[in-house]
Structures are given as structure tokens and as C-alpha cells.
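So you can see what is in the structure, the chains are spelled out below.
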Amino acid sequence: MAWLRAMLALALVVTALLVELTAIPLFHLPGATPDILAVTVIALGFVGGPVRGAATGFLAGVLLDLAPPSAGVLGLSAVVFVVAGYVAGTLGAERDRGAFATVGITGLLAAATTLGIAVVGGLVGDPRISWDRVTGLMLTQLAYSLVVAAFVVPLVTVLWRRVDPPTSRYELSRQ
Amino acid sequence: MRDNRRTRTILGLLLLTSLTLVVLSLKGGGDGARTEASGFFGPVQNAASAIVRPVRDFLGSIGSLGSKDQQISDLQAQVDSLQGQLNTTDYERNRAKELNDLLRLSGAGQYKTVPAQVIAFGPAQGFAWTVTIDVGTRDGIKIDSNVVNGQGLVGRVVSVGPTTATVALLIDATSTVGARIASTLQVGFLNGTGDATSVDLQLLEPFAPVAVGDRLVSSGVTGGGGVYFRGIPLGTVTEVQGTPGQLTRIAKVKPFVDFTTLDLVGVIVEPPRTDPVDAVLPPKPSATPSGATGATGSAGSATPKPSAS
């Protein structure tokens, strides 16, 4: 069933990337662009654990860095998303916390990726990083991501469980 | 414990791979990979954009549903569908107006342009102001092609795929455009700051006269950030910082183009045969913006003139 889960993660990441680049900008929201891709990576990290979370983050970051209209330093988003996916993975699935805490953590993590891009970009000398914009981007990202997470995290969790129900393997082995 | 070590090893490997990508990219690699990627993502983004636009127009037209009465909901549906038609008509009208503006600009400037639709925007948290347009090498687009819309300069093409191209906007922090004040012909460079509504003008001559309201066109001088044709409208000076003679004298400029609502643009594929100077600038407002100066309308319009003459 591992390949099915990998396919699901790939499909979710590509969909989130397309929605973030083509659909969301049409609404002309102020500040940051709601980071559906980061929220999806974090949600997959929650259900998949640290290894799958980091791997999904890597995939999502590389695709975001390669897909048009990307410009500038390649791999910047990959570094940050790997960490975001890993952290989400170590925090674990929703069962242990409750829905509100999960949405809150997702929002904070998504806002932290903006800071991460600025820090890593600043360290490697990306000329585009402007610290005047970081605070505004983080605050708007936090607000948008809370809303996005409220829908995306439950959706990802349901899809993940459907592709690989926790009990199915035992049932199959008994038959 | 062993599982933990394995997890950390994988995390370390993924981070190392990402950082290797960063280093390779800083050394100048990665452009080929982006062009390859645009070969795949270009058609996908085109398709996604074609799906998304009607849906947005439709969603925008739906009012609040949820009435109990069947008749009211029927009427509501009818209103919605009519409203939807009205909205799409508005959209078509806007497109027609944008195309007209583009035609006027390219006519006045004697450019030959290829019309294009913006299909994707780079996320703001990536700090780069870039967009994807739905034309590529198959339409004769090359790297460094200038991109305009009915208002003025939008940016330049930084990478091209078969059916899409990536445009770095005038407001991107890496953008530098050779600029000239239309009335005094003073030259300088217009640098993007990452701010969507303001770019910095740096004049070459420290004593050059510059005043609020001065309008800028591209000068055709190369400033390290790509080549721009002469005479493309850029923006209006909104604020002058520093005193004459100061080495780092900077004026804030508001671009003519509204970058947050970009939709239809034109890619210049053939430059003007003669320098259009300021023929392409939009007609100057007869009185200085009365909204900004308030009651002192006559005093406001008198101020910029001495510097212009």
C-alpha cells in the first residue's frame, strides 16, 4: 500500500501547488498568498510521520522552486518545507490533540515557513529578501493558513485513512 | 532509538540535497531544469487557468442562497444566472478595454506585440514578483523580451518554455530599468524594491531637477538588469528624498501598471523603428491630482512647472 500513499501525497501536492499559483491570486488578497502547499505538506506530515513528512516537504519544495513562475534561488523552499514536514511529523496525528490545536499549529508552522524562507534566503545572499515585508507577510499568512487548515487538514486526514485504513492490513492477513 | 536515528539520517540527507540545490543554483545552474519543468507545468497551468477563471466568475455571481420558499429560491436562481451573465459581460468588456489600451500603446510606440494572458502568480511569501504568461518560444518569445500592458511597462521575460514564459515584474527587487524623465530628459535607473506600488528612481546626475508629478519613460540604457526598448511608460514621481547634490538621491515612483490585478499583457517582439520619446505616455491629467493636494489646486499645478521649463 506504500505506493498508493505515495501517489496520494504526490497528487495532493501537485493539486495544492496548482491551486496556489493559478487560482488563489485571482482573489487579489492583501499580503501573503495563502500557502495551500505548506498547509498540505504539514497535514501530510501529521498523518504520515517525520520521514514521510520530510520527504513530502522535499518534493513540494522542489516542485515549487521549479514550476513557473519561479525565479531566483533553487532549493530554498525545499530546505524550509523539509523542516516543516519533519516538525509536523514529530508532532503526530490529530487524535492526540483535538481539532482546534491542530489548526492552530498548522497556521503557526505555515507562518514560520515564511520566516524560514527569509532567514535561509538571507543567509545565502538572495537579493530579493526584504525584511520590511517579513512581519506583514507572516501575520497575513497566519490568518489565511488558519482558514485553509480548517478545511485542508481534515480533508487530507480523511483521504489518507481511506487509502490506507489502519485496520485493513490485519483484516487482509486473516482472510 | 534506532528508528529515531534512521529518521534523523533521512532528514539530514533531504536537507543536504536541498542545500546542494541552493549552492548549485547560486553558482548559476538550474535554468535548464526550470525550462524542462515549464515544459510540463506550462500546459498544466494553462489548463488549470482555463478551468479556474469561469469558476471564479461563477462564484462571484452567486449571492446568498438558502431560502426556504421554493419560489424565492427559483427566482434567486434566475437572478443569479442573470447576474452571472452580467458579470461575464463585464469581464469580456474589461478584456476588450485592455486589448484596446494595448493596441493604442503599441500603435503609438510602433511596437509589434504578441498578446498574452497571465495564468499564474508567484506566491508573495517567495519574495519574487514573477508571473507566468501563456505564450512561449512557439510564439516567438525570447528571454529578455519586454512585456507591457495598456498602462506601461510590466517587466521582462526571464525564462521561456514551449508554451509559457516567466516574467519578472518591474517591482521585483532584482529589476533595474534605464529611465528618463519625459519633460527634462534627465536619465537614471528605476530599481524594484519588492513593494508592489513603489519603485526607486536613482538619477545619474546629483543636481538633476526632479519634482513630484514628473513622468518617466524607459531610456533604452542597459543597467545590468536586461535590455528595455526606449519610450515605454514607467510611472510618476510621488516623493523626492534627499537634497540636490546628495550622492544617493532617490525619488519614489508609482508605476503606471497596477501589478496586483495583471490580466492581459503584450510581449514586444519587434522594437520601434524610431525613438517614440514620450509619445506613448498617457495624456497628462489637466489639473494636478486634486485628491492629493486638496483645496490648493492652483498652487499645486503651478509647482511642477518651473522645474519642467
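For the structure itself, consult the block above.
Just so you know, the residues in each chain are numbered from 1, in the order the chain's sequence is written. As a convention, the first chain written is A and the first ligand written is 1, with the rest following in written order. Per-residue local features are limited, in this predicted model, to residues with pLDDT of at least 70; the limit for side-chain atom pairs, both in listing and counting, is 80 or more; totals at the level of whole chains, interfaces and linings are taken over all residues.

1. Description of the overall build of chain A
Summing up its helical and strand segments, chain A has seven helices and zero strands in all. From first element to last, N terminus to C terminus, chain A shows the α and β order α-α-α-α-α-α-α. Every radius of gyration here is taken over C-alpha atoms, with the globule rule written as 2.2 Å times N^0.38, N being the number of residues. Taken against the 2.2 N^0.38 rule, which gives 16 Å for 175 residues, the C-alpha radius of gyration of chain A at 16 Å falls within 12% of a compact globule. Dimensions of chain A, computed from the C-alpha atoms along their principal axes, are close to 60 × 30 × 30 Å. For chain A, the proportion of its 175 residues judged to be buried stands at 56%. Each residue is represented by a C-beta atom placed from its backbone, and any two residues with such atoms within 7 Å are regarded as in contact. Here the contacts in chain A between residues at least 6 apart in sequence split such that 74% fall between residues at least 24 apart. A run of H or I in DSSP becomes a helix once it reaches four residues, and a run of E becomes a strand once it reaches two; helices and strands are each numbered from the N terminus. Residues with at least 20 neighbouring C-beta atoms inside 10 Å of their own are called buried, those with 12 or fewer are called exposed, and the rest are partly exposed, where every C-beta is derived from the backbone.

2. Thoughts on helix α4 (residues 76-91) of chain A
All names here are of chain A. A helix is expected to reach a length of 1.5 Å times the quantity of its residues less one. Between its terminal C-alpha atoms α4 stretches 23 Å, which fits the 22 Å expected from 16 residues at 1.5 Å a residue. In terms of residue burial, α4 counts as a mostly covered element, since 14 of its 16 residues are buried. Gly92 lies just past α4 and shows a positive phi near 85°.

3. Focus: the sheet that holds strand β2 (residues 130-133) of chain B
Two pairing modes exist for strands in a sheet, parallel and antiparallel, and in both the strands are linked by backbone hydrogen bonds. All names here are of chain B. By the convention used here, strands pair only if DSSP detects at least 2 bridges between them. Spatial strand order, β1-β2-β5-β4-β3-β12: six strands in a closed barrel with antiparallel pairing. Adjacent strand axes in the sheet meet at a mean angle of 45°, parallel and antiparallel pairs treated alike. Bridge count between strand β1 (residues 112-121) and β2: three bridges; the pairing is antiparallel. Within the sheet, the bridge partner assigned to Phe121 lies in β2 and is Val131. Lines are fitted to the C-alpha atoms to define the axes, a helix being fitted only along its stretch in contact, and any angle between axes, read from their N-to-C directions, falls within 0 to 180 degrees.

4. A few points about the sheet that holds strand β6 (residues 176-181) of chain B
Residues and elements named next belong to chain B. Taken together, six strands build a closed barrel; the order of strands is β6-β7-β8-β11-β10-β9 and the barrel is antiparallel. The mean angle between the axes of side-by-side strands here comes to 40°, regardless of whether they run parallel or antiparallel. Relative to strand β7 (residues 187-191), β6 runs antiparallel, the two being bridged by five bridges. By the bridge assignment, Val177 is partnered in β7 with Leu190.

5. Quick look at helix α5 (residues 99-123) of chain A
The terminal C-alpha atoms of α5 of chain A, which comprises 25 residues, lie 36 Å apart, in line with the 36 Å expected from a rise of 1.5 Å per residue. Once α5 of chain A finishes, Gly125 of chain A follows within two positions and takes phi at roughly 80°, a positive value.

6. What about the pairing of strand β9 (residues 215-218) of chain B?
Residue and element names in this part refer to chain B. Here β9 shows no split at all, with Arg215 and Val217 on one side and Leu216 and Ser218 on the other all buried. Sheet topology note: the β6/β9 ladder contains three bridges and is antiparallel. Residue pairing for β9: Arg180 is matched across the bridge by Val217. Both β9 and strand β10 (residues 233-241) contribute to a ladder of three bridges, which runs antiparallel. In the sheet register, Val217 faces β10, and the bridge partner there is Pro233.

7. Notes on the interface of chain B and chain A
Taken together, the contacts link 47 residues of chain B with 44 residues of chain A. Of all the secondary-structure elements, those providing two or more residues to the side of chain B that touches chain A are α1 (2-26), α2 (31-61), β1, β2 and β5 (165-169) of chain B. The biggest single contributor to the side of chain B that touches chain A is α2 of chain B, with twelve residues. Amino acids are sorted into nonpolar (Ala, Val, Leu, Ile, Met, Phe, Trp, Tyr, Cys and Pro), charged (Asp, Glu, Lys and Arg) and polar (every other residue, Gly among them). Looking at the side of chain B that touches chain A residue by residue, the classes come out as 25 nonpolar, 20 polar and two charged.

8. Comments concerning the environment of Ile105 of chain A
Following the sequence through the fold, Ile105 of chain A ends up in helix α5. Sequence-wise, Ile105 of chain A and Thr90 of chain A are 15 residues apart; in three dimensions their C-alpha atoms are separated by 12 Å.

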